[in-house]
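For reference, the chains in residue letters:
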Amino acid sequence: MQFAALSFLFVFFKVAEDVIMMRPVFVMRRMEAWEQLKEMAKVAEETFRDHSHVLPDGFWSAVDVWINKPHVINKRLCGVQIEESGEVPDSELEDRLTDLCYGEPPNINEVVNFLKYNDGENMLHRHENKMVIVRSLIPKVNNTEVLCNKEIIVKDPEGHCVTFLPLESNEGGSFALKKSNIYQIQLKQISSEEWSILILAMNIEQWYSDAIIYPKCEWLGSELLPKIIRWSNENKRSEFKSTLSLIPVAKYGNLYQQLKEKYKEMVKVMWEEERKEKGLIEKQSFVDLGCGNGLLVHILSNEGHSGKGIDVRKRKIWDLYGKQTCLEECAIIPSDSFLFPNIDWLIGNHSDELTPWIPVIASRSSYSCRYFVLPCCFFDFHGKYCRRQCKKTQYREYIDFITEVGSVCGFHVEEDCLRIPSTKRVCLIGKSRTYEMTREEHVEEDRKEYINSRWRSSSNNITAKNEPDNKAQLGCKVPNSCIHNVPMNESSPSCVTQDWVTGFQAREKVEQTRNCASLPRAFIDEVVLKVAKRLLDLNKEQTNEEGKTSWNRGGSLTIREIAELLDQHTLQTLKNECGGLQTLLKNNHQVFQGI
């Protein structure tokens with residue numbers, strides 16, 4: 001049986017030497033005393049069953065989430081920066097902690113004793129290595145009153161516990177242990193399937209809370225503990241990278257807060273770090289393909305980036321941005337007309353049918369052109385994307401496909417996960433090439449062959465009608481200027497010259513509403529009344545004990561049985577709507593109830 005909590009209380013009551021020197025005959029009596037003291041330091045404990053048999057591995061997966069991504073629980077944090085991580089032998093632990101604190105802080109020996117002897121009966125025979133991690137906690141809002149933003153974390157795999165030692169900065173720039181906020185998370189096995197996780201705090205009464213880095217002590221039990229238990233039972237490894245793995249979290253957080261304060265809206269931050277790395281003076285240019293409401297174009301333009309957005313439909317909000325925001329209403333067709341040789345970045349933010357084409361357009365625009373895509377809906381070059389692998393999720397398979405497109409186009413493709421309120425938040429970035437410029441013709445042949453191979457193997461081939469040469473008429477009429485009369489730059493498309501693909505379908509300019517809401521009122525009432533009358537007839541009038549007629553709630557029918565009540569013309573009209581008959585019935589939820 002593990003007694004990890006016992007050694008933790010060495011720090012609390014300064015009796016490490018007494019325990020170390022005690023004779024074996026007194027071990028059990030000491031343990032009973034420690035159990036009483038442990039209750040005084042306990043913040044929270046919960047017992048649960050391990051039905052999936054994922055412990056103790058699941059516990060360490062949960063701990064890793066709390067170490068590397070504490071912002072998923074503590075919403076006032078932007079993230080963390082892991083400064084160093086590595087195994088430390090027991091014999092070197094004291095020296096390592098002293099080095100991390102820039103000199104020996106008070107009572108370092110007690111902390112070392114606590115880390116060494118946290119295993120009940122074998123507390124004098126612990127020689128395994130421990131994992132020591134140093135992390136900086138980054139708050140969302142800069143606060144000069146927050147002095148401590150670092151923690152030393154000591155993971156003890158054999159003892160099934162992890163200890164968090166906060167560091168508080170001094171005026172001289174060094175750090176000292178903040179003893180009042182030391183806490184530990186422990187895993188204990190009660191039986192073959194029954195486990196418990198508990199959280200101990202060094203000094204509950206003196207716990208310091210700044211409501212940012214340190215929530216209240218009760219928060220550890222009410223918020224942190226349930227999450228650790230849930231994650232421990234799941235033991236799931238994400239198939240995607242952690243959020244913001246390609247950029248510094250601290251710089252992202254600062255810039256995000258500045259832009260959020262300035263625009264009061266959710267924004268996306270990119271490029272600034274690369275611009276500094278390459279020593280560029282001018283800010284990079286962009287074209288947002290499928291820009292939607294144009295907010296990103298507006299923000300980037302106001303921040304000094306030259307660029308524009310293109311979308312098949314103009315939005316009403318476009319008129320509110322002003323002349324400095326360049327937006328074009330145009331259907332984008334993969335062709336020589338839509339090349340942007342003088343643009344640094346192509347952006348595809350939920351660009352749907354254009355998503356697989358954006359790496360191609362970027363690669364053919366110029367050798368220096370780069371791209372950023374945030375895939376959402378699943379499209380191939382010629383239509384809807386068809387799954388080919390059953391061992392992956394559809395989303396993961398599609399991300400891999402877009403990654404493959406970028407690689408074939410000659411890009412080093414990097415993947416990151418954005419911190420946005422969406423389930424589709426994995427982005428792909430191509431900002432450097434895998435080949436020298438002199439090999440452009442050879443790589444172009446590979447691009448053409450890849451696109452043709454997708455066309456040959458696709459089950460979504462689109463055959464143009466009424467065309468003698470069986471080639472779809474693709475293209476669009478491109479306006480001569482932006483909608484705000486802003487002159488177009490040299491990279492703006494002027495006319496359609498050569499299409500790249502047969503059968504590409506750009507979305508329609510006018511988005512059709514097909515949810516049965518636009519059907520004639522008389523048609524809807526006729527269907528509703530016919531179905532309602534049939535349901536009422538199924539439940540004949542019944543009388544209660546007083547001889548009064550009871551309420552007729554009606555019966556139930558399957559969709560197939562309801563469809564048999566309607567004539568062919570009505571069914572065909574409903575078939576042209578998304579969802580058809582089921583949508584119409586759901587729209588009239590005040591009459592019908594689906595079961």
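These figures come from a predicted structure and were not determined experimentally. (Residues numbered from 1 in each chain as written. Predicted model: local features only at pLDDT ≥ 70, side-chain atom pairs only at ≥ 80, totals over all residues. Heavy atoms only, no water.)

**Regarding helix α11 (residues 358-365)**
Extensive coverage of α11 is indicated by the burial of 8 of its 8 residues. Within α11, burial applies to Ile358, Pro359, Val360, Ile361, Ala362, Ser363, Arg364 and Ser365. (Buried < 20%, exposed > 50% of the residue type's maximum accessible area, 1.4 Å probe, protein only. Helix = DSSP H or I, 4+ residues; strand = E, 2+ residues; numbered from the N terminus.)

**Here's the deal with the pairing of strand β12 (residues 345-349)**
Counted residue by residue, β12 has 4 buried out of 5 residues, so it is predominantly covered. With 3 bridges connecting them, strand β9 (residues 286-289) and β12 associate as parallel partners. In the sheet register, Asp288 faces β12, and the bridge partner there is Ile347. As paired elements, β12 and strand β13 (residues 370-374) share 5 bridges and run parallel to each other. (Pairing = 2+ DSSP bridges.)

**Quick word on the packing of helix α4 (residues 57-68) against helix α7 (residues 217-234)**
In the contact formed by α4 and α7, the axes pass within 7 Å of each other and the chain directions differ by 130 degrees. Taken as axis vectors, α4 and α7 run oblique relative to one another. As for the relative orientation of α4 and α7, their crossing is right-handed in sense. Contacts from Gly58, Phe59, Ala62, Val65 and Trp66 of α4 reach α7 at Trp219, Leu224, Ile228, Trp231 and Ser232. (Axes fitted to C-alpha atoms, helices over the stretch in contact; angles between N-to-C directions. Parallel < 35°, antiparallel > 145°, perpendicular 65-115°, else oblique. Left-handed = near helix turned anticlockwise from the far one by under 90°. Contact = heavy atoms within 4.5 Å.)

**Digging into the packing of aromatic side chains**
Inspection of every chain in the model, using the stated rule, returns 14 aromatic pairs. Ring geometry for Tyr367 and Tyr435: centres 5.6 Å apart, planes at 80 degrees, overall edge-to-face. One end of the pair, Tyr367, is in the loop between α11 and β13; the other, Tyr435, is in the loop between β15 (426-433) and α13 (440-457), and 68 residues separate them in sequence. Given a relative accessible area of 27%, Tyr367 falls into the partly exposed group. For Tyr435, a relative accessible area of 5% translates into the label buried. (Phe/Tyr/Trp six-rings, centres within 6.5 Å; stacked < 30°, edge-to-face > 60°.)

**What to know about the side chain of Arg433**
Tracing the chain through its elements places Arg433 in strand β15. Glu440 is the oppositely charged side chain nearest to the buried, salt-bridge-free Arg433, at an N-O distance of 4.3 Å. (Lys, Arg positive; Asp, Glu negative; His and termini not counted. Salt bridge = Lys/Arg side-chain N within 4 Å of Asp/Glu carboxyl O.)

**Some thoughts on unusual backbone geometry**
Cis rather than trans, the peptide bond between Leu55 and Pro56 has omega equal to 5 degrees. Along the chain, Pro56 turns up in the loop between β1 (42-49) and α4. Unlike most non-glycine residues, His160 shows phi in positive territory, near 55 degrees. In this structure His160 comes out as buried when scored by relative accessible area, which is 18%.

**So, the nonpolar core**
By size, the foremost hydrophobic cluster in this structure holds 38 residues, and its most contacted members are Leu289, Phe340, Leu346, Trp357, Val360, Phe381 and Phe401. Sorting the residues of this core by element identifies β9, α11, β13, α12 (394-408), β14 (411-417), β15 and α13 as the ones contributing at least two each. Counting residues in hydrophobic clusters, the runner-up holds 30 residues, among them Trp60, Ile67, Ile73 and Ile228. (Core = buried A, V, L, I, M, F, W, Y, C linked by side-chain atoms within 4.5 Å.)

**Focus on the environment of Leu374**
Its place among the elements puts Leu374 in strand β13. When the C-alpha positions of Leu374 and Leu418 are compared, they lie 9.1 Å apart, and in sequence the two are 44 residues distant.

**Quick look at the pattern of salt bridges**
Within this structure, the stated rule accounts for 20 salt bridges. Between Lys308 and Glu328 there is a salt bridge; the shortest N-O distance is 2.9 Å. Note that Lys308 is positioned in strand β10 (residues 307-311) and Glu328 in strand β11 (residues 326-329), a separation of 20 residues in sequence. The same class applies to Lys308 as to Glu328, namely buried. Its salt-bridge partner being Arg364, residue Glu444 comes within 2.8 Å of it at the nearest N-O pair. You can see Glu444 sitting in helix α13 and its partner Arg364 sitting in helix α11, a full 80 residues away along the chain. Since its relative accessible area comes to 18%, Arg364 is described here as buried. Salt bridges linked by common partners bring Arg364, Glu440, Glu444 and Arg447 together as one network.

**Details of the sheet that holds β14**
The mixed open sheet is built from 7 strands, whose spatial order is β11-β10-β9-β12-β13-β15-β14. Where the open sheet ends on each side, the last strands, each with one partner, are β11 and β14. For this sheet the average axis-to-axis angle between neighbouring strands, irrespective of direction, equals 20 degrees.

**Examining the environment of Cys409**
Tracing the chain through its elements places Cys409 in the loop between α12 and β14. Since its relative accessible area comes to 2%, Cys409 is described here as buried. In the structure, Cys409 is positioned 41 residues away from Tyr450 in sequence and 9.2 Å away in space, judged by C-alpha atoms. Each residue touching Cys409, except ones within four places of it in the same chain, is listed here: Pro359, Val360, Ser363, Tyr435, Val443 and Arg447.

**Examining empty space enclosed by the protein**
Across all of its chains, the model carries 3 cavities of 30 Å³ or more by this definition. Lining of the largest cavity is provided by 13 residues; of these, Trp66, Glu151, Tyr183, Ile213 and Pro215 occupy positions nearest its centre. Those elements that place two or more of their residues in the lining of the largest cavity are β3 (130-139) and α7. Looking at the lining of the largest cavity, its residues break down into 10 nonpolar, 1 polar and 2 charged. (1 Å grid on protein atoms, 1.4 Å probe; cavity = no way out; pocket = protein on both sides within 12 Å on 5 of 7 lines; lining within 4 Å. Points joined across faces, edges and corners; volume = space filled by probe spheres on them. Nonpolar A, V, L, I, M, F, W, Y, C, P; charged D, E, K, R; others polar.)

**Notes on the pairing of strand β5 (residues 161-169)**
Of all 9 residues in β5, 7 are buried; the element is thus mostly enclosed. Counted between consecutive antiparallel strands, the loop separating strand β4 (residues 150-156) from β5 contains 4 residues, among which His160 sits at a positive phi close to 55 degrees. By the bridge criterion, 4 bridges tie β5 to strand β7 (residues 183-189) in an arrangement that is antiparallel. Within β7, the residue paired with Phe164 across the bridge is Tyr183.

**Overview of the packing of helix α14 (residues 521-538) against helix α17 (residues 580-587)**
Orientation of α14 relative to α17, taken along the N-to-C sense of each, is 85 degrees, at an axis distance of 11 Å. Here α14 is positioned roughly perpendicular relative to α17, judged by the angle of their axes. Side by side, α14 and α17 meet where Ile524, Val527, Val528 and Val531 of the first sit next to Leu581, Leu584 and Leu585 of the second. Looking at side-chain class alone, the contact of α14 with α17 contains 7 nonpolar, no polar and no charged residues.

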